Amino acid sequence: MSQFWKPGAEKPRLLDDEEGGVVFFPTSSGGGYANLERQRQRLPVFRYRTAILYSVETRATTVVVGETGSGKTTQIPQYLKEAGWADGGRVIACTQPRRLAVQSVAARVAEEMGVKLGEEVGYTIRFEDATSTGVTMIKFLTDGVLLREMMDDPLLTKYSVVMVDEAHERSISTDILLGLLKKIQKRRPELRLIISSATIQAKSMAAFFQSSSKRRRRPEGEELGPIMEPAVLSVEGRGFNVQIHYVEEPVADYLRAAVSTVLLIHDQEPMGDILVFLTGQDDIDAAVQLITEETPNRRKNSSGLMVLPLYSGLPRADQELVFSPTPRGKRKVVISTNIAETSITLEGVVYVVDSGFSKQRFYNPISDIENLVVAPISKASARQRTGRAGRVRPGKCYRLYTEEYFVKEMSAEGIPEIQRSNLVSCVIQLKALGIDNILGFDWPASPSSEAMVRALEVLYSLGVLDDDAKLTSPTGFQVAEFPLDPMISKMILSSGELGCSEEIITIAAVLSVQSIWASGWGSQKELDEAKLNFAAAEGDHVSFLNVYKAFLQSGKSSQWCHKNFVNYQAMKKVLEIREQLRRTARRLGIDLKSCERDTVVVRKAITYGFFANACVSEASSHDGKYKTIRGSQEVYIHPSSVLFRVNPKWVVYHSLVSTEKQYMRNVISIDPSWLTEAAPHFYQKQRPNPMLH
């Protein structure tokens, strides 16, 4: 067993470096165990183990800067446990921005510790809890889940250490979490924080946690509590040299360029896995299909390619294929979203193909439209992607953009999500945690005041906030209890009064999974025909009910799903989520009733949640054009909707996506009189609309 630094023992040598942080020289490391133990000791972070434990012992906050792949995510929680931070029933928390990372990291750590996942090492993501109370010592969870835990335990009393991993990704939940943890530290100085981040954000993270209060002392000079000033530790990555190749001319179609680059690497380069960065599930499925179709036509070693997708909605079995070692004589091609940029390390990758794009959320508070846009990545992201190629041996990165573009036009770092998102869910979370002065909240990056005002306005119109911008009782508190978008929560609350809660909870569960349809790229026609079997004239939400009923009637059969182009994994998830939502509803005293076949009350309940997303068809329009009632935005029904081409006069939608047009997704037809009934104050403030009055 290697030595940790114990308080009172001789301290590890340390030097101040010119950056004002601290550079630690590792003390000698201990001997090896079996294979896994040896692997653990080969990780770069192992040399810094004593230094990290010393810093956590003596400081309230430690910022660990480490390249992806240094082992910090899997090892630091284990070091903390070995040093006694989980003794006496305490728990070590490690947060990740993404669900997939939470699951894969927890599984890896459980394997290394030789324990069963869900016992000493567990994880919690939204709608899934694999932990055991009193047994779990190391708990991996998403930032969002830890925020929800604060609603029951505002000071996070069961945790001794909270490690916020991948903090540089700056998701909304990460930023709120950092602000709240800073507040908790004032009340609970014994809580230790480890903020793990890529280089670019480390200084700003340390500055954020910098506190004027230095170490507090007892009168007789005994030290009390940790030093509040953060330490910055740099953990060297185990990077090999990576050659970067740029394209000579800008590419017209990054998807096809990525596919041909993969085939070129496969033909001309020595063995080694390929990691391709694309933007989302549609792109990835298309690329998998294209490579699979292309390879048989090629002369050379085409049989050696294993093409695997990687994105957050992927079923568990498919995820495991990505992480399993590549069989001898084969070459794995993993086609991924930016999830593999920082959250997940894939051993064996020697070649990276970087499209230069990722899907990012951009919200315009003036038009109230949140777009999921395919946008250029930042230099920071490009460097992260490149680094994935140099993990096991020198690698190559193929950037599908020009060097001039990288140098002159690419932004240095991305915009934090909080500055480009709809803040409705974020505001209600803070309100539920008792933070009323939201504008005075200590943010790592301030959100725009327009987005704040719009969020407050929507929550006020939903009856969640009162005139003093405090949570209303009971509605506001009930809405905050559901781990859902407040509009969906409001829809569930209304369904209790309207007598259709069973149906609405099913709809809410379906809206919480990525898609219940099996997207087999290339079989669009069959998929569209399959959808017609369930299509309801009223719209998509009622069609979901038809799918759900038929799935239950089939005895929850996977064969039935396959035959009807329904995603079996997604339906299983819908059943789980539905059960959880029913439990929450029951706890809140919502009457669980079915309206049988009365779709009017179902549509009414949806309108009560989504009245802000109401649209009316343009009288003269033959091309399916709608205008939003709020901002007179021009929108269209998405081709995937059952109401595409039907064009009812009045609709509400669940979300807007922006491609060449603004498209409404998950659309339901409504009666306009329900709008004034659902939110009289909301629609009276607008300029008079003759159709509504």
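Residues numbered from 1 in each chain as written. Predicted model: local features only at pLDDT ≥ 70, side-chain atom pairs only at ≥ 80, totals over all residues. Heavy atoms only, no water.

Asks: Hey, could you run me through the pairing of strand E17 (residues 349-354) in this one?
Replies: Taken across its 6 residues, E17 has 6 buried, putting it largely inside the fold. Note: strand E14 (residues 273-277) against E17, 5 bridges, orientation parallel. Looking at E17, one finds that Phe277 is bridged to Asp354. Relative to strand E20 (residues 395-399), E17 runs parallel, the two sharing 4 bridges. Each bridged residue has a counterpart across the sheet, and for Val353 the counterpart in E20 is Tyr398. (Buried < 20%, exposed > 50% of the residue type's maximum accessible area, 1.4 Å probe, protein only. Helix = DSSP H or I, 4+ residues; strand = E, 2+ residues; numbered from the N terminus. Pairing = 2+ DSSP bridges.)

Asks: Sorry, what's going on with unusual backbone geometry here?
Replies: Peptide bonds are trans in most cases, and residues, glycine excluded, mostly fall at negative phi. In this structure, Pro474 follows Ser473 across a cis peptide bond, with omega equal to 0 degrees. Phi at Phe127 is positive, roughly 70 degrees, even though this residue is not glycine. As for its placement among the helices and strands, Phe127 is situated in the loop between strand E5 (121-125) and strand E6 (128-130). Overall, Phe127 belongs to the buried group, its relative accessible area being 7%. Positive phi is not limited to glycine here, since Arg170 has a value of about 55 degrees. Assignment of secondary structure puts Arg170 in the loop between strand E8 (159-164) and helix H6 (172-187). Given a relative accessible area of 7%, Arg170 falls into the buried group.

Asks: Help me understand the packing of aromatic side chains, please; the structure alone is not making it clear to me.
Replies: Two measures describe an aromatic ring pair: the distance that separates the ring centres and the angle between the ring planes. Scanning the entire structure with this criterion turns up 11 aromatic pairs. Ring centres 6.2 Å apart and planes at 45 degrees place the aromatic pair Phe551 and Trp560 in the tilted group. Across the pair, Trp560 and Phe551 agree in class, each one buried. A cation over a ring is seen here: Lys379 above Phe406, with NZ or CZ 5.8 Å from the ring centre. For the cation-ring pair, Arg399 lies above Phe406, with the distance from its terminal atom to the ring centre recorded as 4.5 Å. (Phe/Tyr/Trp six-rings, centres within 6.5 Å; stacked < 30°, edge-to-face > 60°. Lys NZ or Arg CZ within 6 Å of the ring centre and 35° of its normal.)

Asks: Explanation requested: the sheet that holds strand E24 (residues 650-658) in the structure shown.
Replies: Sheet strands pair via backbone hydrogen bonds, and the direction of the pair is either parallel or antiparallel. Spatial strand order, E21-E22-E23-E25-E24: 5 strands in a closed barrel with mixed pairing. Pairs of neighbouring strands in the sheet enclose a mean axial angle of 50 degrees, with direction left out of account. This element, helix H23 (residues 599-610), spans strand E21 (614-617), E24 and strand E25 (662-669) of the sheet and lies at about 50 degrees to E24. (Axes fitted to C-alpha atoms, helices over the stretch in contact; angles between N-to-C directions. Contact = heavy atoms within 4.5 Å.)

Asks: Can you help me understand the side chain of Arg331 in this one?
Replies: Structurally, the position occupied by Arg331 is in strand E16 (residues 331-336). Of note is the side chain of Arg331, whose polar atom sits 2.8 Å from the backbone oxygen of Glu269. (Polar contact = N/O pair within 3.5 Å; in protein donor to acceptor, adjacent residues only side chain to side chain.)

Asks: Explain the nonpolar core to me, please; I cannot follow it from the model alone.
Replies: Nonpolar side chains tend to gather and get buried jointly when the protein is soluble and globular. Judged by nonpolar contacts, the single largest core of 117 residues is most densely connected at Val162 and Leu181. Leaving out residues up to four positions away in the same chain, Val162 has contacts with Ala93, Leu146, Leu156, Leu181, Leu191, Arg192, Leu193 and Ile194. Counting 46 residues, the second largest nonpolar core, distinct from the first, contains Phe277, Ile339, Ala389 and Cys397. (Core = buried A, V, L, I, M, F, W, Y, C linked by side-chain atoms within 4.5 Å.)

Asks: In this structure, what is going on with the pattern of salt bridges? I would like to understand it.
Replies: Close approach of charged atoms lets side chains of opposite charge pair. Across all of its chains, the model carries 31 salt bridges by this definition. Of the charged contacts in the structure, one is a salt bridge between Glu128 and Lys573, with a shortest N-O distance of 3.3 Å. Separated by 445 residues along the polypeptide, Glu128 in strand E6 and Lys573 in helix H22 (residues 568-587) bring together distant segments of the chain. Given the relative accessible area of 22%, Glu128 is considered partly exposed. In this structure Lys573 comes out as partly exposed when scored by relative accessible area, which is 23%. Taking the shortest distance from any N to any O, the salt bridge between Arg587 and Glu481 comes out at 2.4 Å. (Salt bridge = Lys/Arg side-chain N within 4 Å of Asp/Glu carboxyl O.)

Asks: Any chance you could explain the environment of Arg603 here in plain terms?
Replies: Relative to the elements of secondary structure, Arg603 occurs in helix H23. The sequence separation of Arg603 and Cys500 amounts to 103 residues, and the corresponding C-alpha distance is 9.9 Å. Filtering out sequence-adjacent residues up to four positions away, Arg603 remains in contact with Glu538, Ile668, Ser669, Ile670 and Trp674.

Bear in mind that shape data such as this cannot, by itself, settle questions of function.
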